[in-house]
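Residues per chain, in single letters:
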Amino acid sequence: MGQVLLHPTSKDPGRMDAAEPESSPATASPAPHPAPQTPFLRKLAGFLLTCCAFVAGWYVANMQANQHPKETLPSHTLAQERDLQEVVVTAEPVAIRSVQRSVEAFGTLYGFEEVSISARVEGRVRQVLHDVADEVKPSERLLEIDSTDYELAVQQAERALHVELAKLGLKESPLKSFDLGRIPFVAKARSIMEHAKARNDRISRLAASKTVSAEDSENAASEYRTAQAEYENQILQAEMDLATIQLKLVGLDVAREQLANTRVLVPTPTITLPGGDDLTYVIAQRSVSEGTLVRPGSELFRLVINQILKLRVPVPERYSADVRLEQPVNVYTASSRKPITGTVTKIYPTVDATTRSFQVEIQVPNPNGILKPGSFAKAAIHTRIDPEAATVPLTSVVQFAGVTKIFVMEQGKAREIPVTLGTQTTEWVEVVEPELPADARVITSGHTMLADQTPVTDRRSMDDSTTSDPDGATDSKLE
């Protein structure tokens with residue numbers, strides 16, 4: 001019986017060729033061939049299967065989407081879906097407040113009076129009685145200069161005065177109404193003159209009766225004129241001697257004054273402090289030590305009255321109509337935690353052409369000595385009260401790249417508004433420009449996710465919606 005062998009003729013398993021029989025022609029009839037298959041048919045079948053799977057998946061998904069749930073979704077799920085589109089923020093309305101209008105300026109504190117004590121005589125410092133930060137009262141000694149030379153000068157002036165007094169036969173300095181006739185040589189000259197006058201009068205009578213000669217009459221008259229001239233000369237000499245005495249008195253006073261100036265004293269001012277407080281000085285600086293040679297004009301001490309200070313600040317000229325005398329002022333310094341209340345006491349009448357500002361002087365009480373002269377200070381001069389000022393929470397202000405702005409909720413969107421700020425506290429700040437609507441609501445949180453026209457929703461309204469639904473159903477969290 002013959003045998004049939006099949007051999008693959010290609011990579012396609014569907015194509016097989018029959019081998020030639022090796023036996024004799026008397027074999028059985030050949031077996032039937034399978035139906036031929038091509039790649040096109042296989043691809044077509046795969047595509048149809050894919051389409052059927054896609055249609056079946058789409059149908060199932062569409063049916064699920066059209067089904068209505070038997071239970072209502074929780075409210076917080078709705079809020080999460082809304083958060084995908086809107087920014088949740090907090091907002092507060094614009095508040096109308098009464099705001100104190102102030103003019104702010106910066107300046108330096110000075111003592112109520114500052115005195116530079118200088119030497120009036122030359123000499124070496126013998127003793128320093130006070131140092132920096134000591135409180136001293138008027139007429140109290142600060143320093144002593146060696147007074148030996150000045151004591152000798154006083155003695156010399158006294159001796160010179162005594163010499164001049166002895167010339168006139170006096171023991172003490174005469175008064176301005178002194179009678180010169182009390183001076184011995186003046187009295188002598190007057191007596192001689194009176195005697196010559198009497199003799200001349202007698203001879204003149206005898207000459208009239210021709211009892212004496214004409215020569216005797218002329219001699220008597222000449223003697224009288226000579227005595228009269230001598231008297232007048234003695235009067236002039238006495239006046240010169242009295243003037244010399246006055247000069248010596250002045251020299252003695254100068255010597256005594258120089259001797260007194262060797263003791264440096266605290267000056268006694270004629271001013272009085274506001275409030276009638278006792279006036280005291282504080283030594284702000286000492287420039288010499290014991291043994292230092294000082295000359296007239298050398299600075300020794302610098303004294304300051306610090307019970308009341310003066311703050312001088314430059315104020316822009318546009319506020320010249322607002323600043324008035326006796327207005328209260330809040331003064332701020334780095335050394336005081338709370339502002340100190342002062343008063344405007346002096347307004348300078350001119351404007352500086354360079355800075356376009358005028359000086360304002362403010363008196364600041366300093367009973368405890370907390371404030372120091374020379375300190376930097378800020379002054380807020382209270383000018384008037386504005387009863388209707390628009391203010392917003394401090395947290396609503398955004399500052400970026402030099403721009404100050406706020407966001408206002410309008411019809412579910414955030415509107416960006418650049419603003420100019422005014423009076424500020426720790427909780428709120430005034431919006432000077434632009435004018436905000438009375439019913440405006442400013443956004444106080446979520447600024448990092450906001451831009452102009454960004455959709456927003458108020459967190460408070462969301463909290464109200466989650467608390468209860470329109471039908472009065474309670475949220476599941478509250479059950």
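For the structure itself, consult the block above.
Residues numbered from 1 in each chain as written. Predicted model: local features only at pLDDT ≥ 70, side-chain atom pairs only at ≥ 80, totals over all residues. Heavy atoms only, no water.

Caption draft 1: Geometry of the overall build of the chain. The number of helices and strands found in the chain is six helices and 23 strands. Every one of the 479 residues in the chain was classed for burial, and the buried ones make up 30%. Long-range contacts, defined as pairs at least 24 residues apart, comprise 73% of the intrachain contacts of the chain with a sequence gap of at least 6. Within the structure as shown, the chain displays about 32,100 Å² of accessible surface, and the carbon and sulfur contribution to it stands at 53%. (Helix = DSSP H or I, 4+ residues; strand = E, 2+ residues; numbered from the N terminus. Buried < 20%, exposed > 50% of the residue type's maximum accessible area, 1.4 Å probe, protein only. Contact = heavy atoms within 4.5 Å. Areas by Shrake-Rupley, 256 points an atom, 1.4 Å probe, with all protein chains shown as cover.)

Caption draft 2: Looking closely at the packing of aromatic side chains. Within this structure, the stated rule accounts for one aromatic pair. Taking 5.7 Å as the distance between ring centres and 5° as the angle between the ring planes, the aromatic pair formed by Phe 106 and Phe 376 counts as stacked. A residue pair is termed long-range when its members are at least 10 positions apart, and Phe 106 in strand β5 (residues 95–118) and Phe 376 in strand β16 (residues 376–393) qualify at 270 residues. With a relative accessible area of 43%, Phe 106 lands in the partly exposed category. If you follow Lys 310 out to its NZ or CZ, it ends over the ring of Phe 112, 4.9 Å from the centre. (Phe/Tyr/Trp six-rings, centres within 6.5 Å; stacked < 30°, edge-to-face > 60°. Lys NZ or Arg CZ within 6 Å of the ring centre and 35° of its normal.)

Caption draft 3: Quick look at the nonpolar core. With 24 residues, the main nonpolar core has Leu 142, Leu 143, Tyr 281, Val 294, Leu 300, Phe 301 and Leu 303 as its most contacted residues. Broken down by secondary-structure element, the contributors of at least two residues to this core are β5, β6 (123–128), β8 (141–145), β10 (281–286) and β12 (299–316). Counting residues in each nonpolar core, the second largest holds 23 residues, with Leu 165, Ala 196, Ala 227 and Leu 242 among its members. (Core = buried A, V, L, I, M, F, W, Y, C linked by side-chain atoms within 4.5 Å.)

Caption draft 4: Focus on the pairing of β10. The pairing of strand β7 (residues 135–136) with β10 spans two bridges and is classified as antiparallel. From the neighbouring strand, Val 136 faces β10, where its bridge partner is Tyr 281. With four bridges joining them, β10 and β12 adopt antiparallel strand pairing. Its bridge partner being in β12, Arg 286 is matched across the sheet by Phe 301. (Pairing = 2+ DSSP bridges.)

Caption draft 5: Highlighting the pairing of β8. Among the five residues in β8, four count as buried, and that is most of the element. Of the strand pairs in this sheet, β6 and β8 are connected by three bridges, and their pairing is antiparallel. Across the sheet, residue Val 128 finds its bridge partner in β8, namely Leu 143. Here β8 pairs with strand β9 (residues 263–265) via three bridges, running antiparallel. Residue Leu 143 lies in a different strand from β9, and its bridge partner there is Val 264.

Caption draft 6: Structural detail: the layout of surface pockets. Reported here for the second largest pocket is a volume of approximately 590 Å³. Residue lining of the second largest pocket: 21 residues in total, with Gln 100, Arg 101, Ser 102, Glu 104 and Thr 423 positioned closest to the centre. Mapped by element, the contributors of at least two residues to the lining of the second largest pocket are β5, β13 (328–333), β16, β20 (420–424) and β21 (428–433). (1 Å grid on protein atoms, 1.4 Å probe; cavity = no way out; pocket = protein on both sides within 12 Å on 5 of 7 lines; lining within 4 Å. Points joined across faces, edges and corners; volume = space filled by probe spheres on them.)

Caption draft 7: Just a nonpolar patch on the surface, in detail. A contiguous nonpolar patch, built from Phe 40, Leu 41, Leu 44, Phe 47 and Leu 48 and spanning about 550 Å² of accessible area, is present on the exposed surface. Within the secondary structure, Phe 40 is located in helix α1 (residues 39–66). Phe 40 sits in the exposed class, given a relative accessible area of 61%. (Patch = residues over 30% accessible without salt bridge, like charges linked within 9 Å, V, L, I, M, F, W, Y side chains within 5 Å. Salt bridge = Lys/Arg side-chain N within 4 Å of Asp/Glu carboxyl O.)

Caption draft 8: Spotlight on the side chain of Asp 458. Mapped onto the secondary structure, Asp 458 falls in strand β23 (residues 454–458). For Asp 458, a relative accessible area of 10% corresponds to the buried category. A distance of 3.1 Å separates a polar atom in the side chain of Asp 458 from a polar atom in the side chain of Arg 441. If near-sequence neighbours (up to four positions away) are discounted, Asp 458 is found in contact with Val 89, Thr 90, Ala 91, Met 409 and Arg 441. (Polar contact = N/O pair within 3.5 Å; in protein donor to acceptor, adjacent residues only side chain to side chain.)

Caption draft 9: Summary view of the sheet that holds β9. On the basis of which strands lie adjacent, the open sheet formed by four strands has the order β9-β8-β6-β11 and antiparallel pairing. The sheet is open, and its two borders are formed by β9 and β11 (293–294), each paired with just one other strand.

Caption draft 10: The pattern of salt bridges, seen in detail. Scanning all chains against the criterion turns up 21 salt bridges. Residue Lys 378 pairs with Glu 104 through a salt bridge whose shortest N-O separation is 3.5 Å. With Lys 378 in strand β16 and Glu 104 in strand β5, this residue pair connects regions lying 274 residues apart in the sequence. Given the relative accessible area of 26%, Lys 378 is considered partly exposed. For Asp 201, the salt bridge identified is with Lys 197, shortest N-O distance 3.4 Å.

Caption draft 11: Structural context of the environment of Val 329. Within the secondary structure, Val 329 sits in strand β13. Linking Val 329 and Pro 339, residues ten residues apart in sequence, is a C-alpha distance of 9.2 Å. Val 329 has contacts with Ile 340, Thr 341, Gly 342, Val 344, Ile 362, Ala 379, Ala 380 and Ile 381, leaving out every residue within four places of it along the chain.

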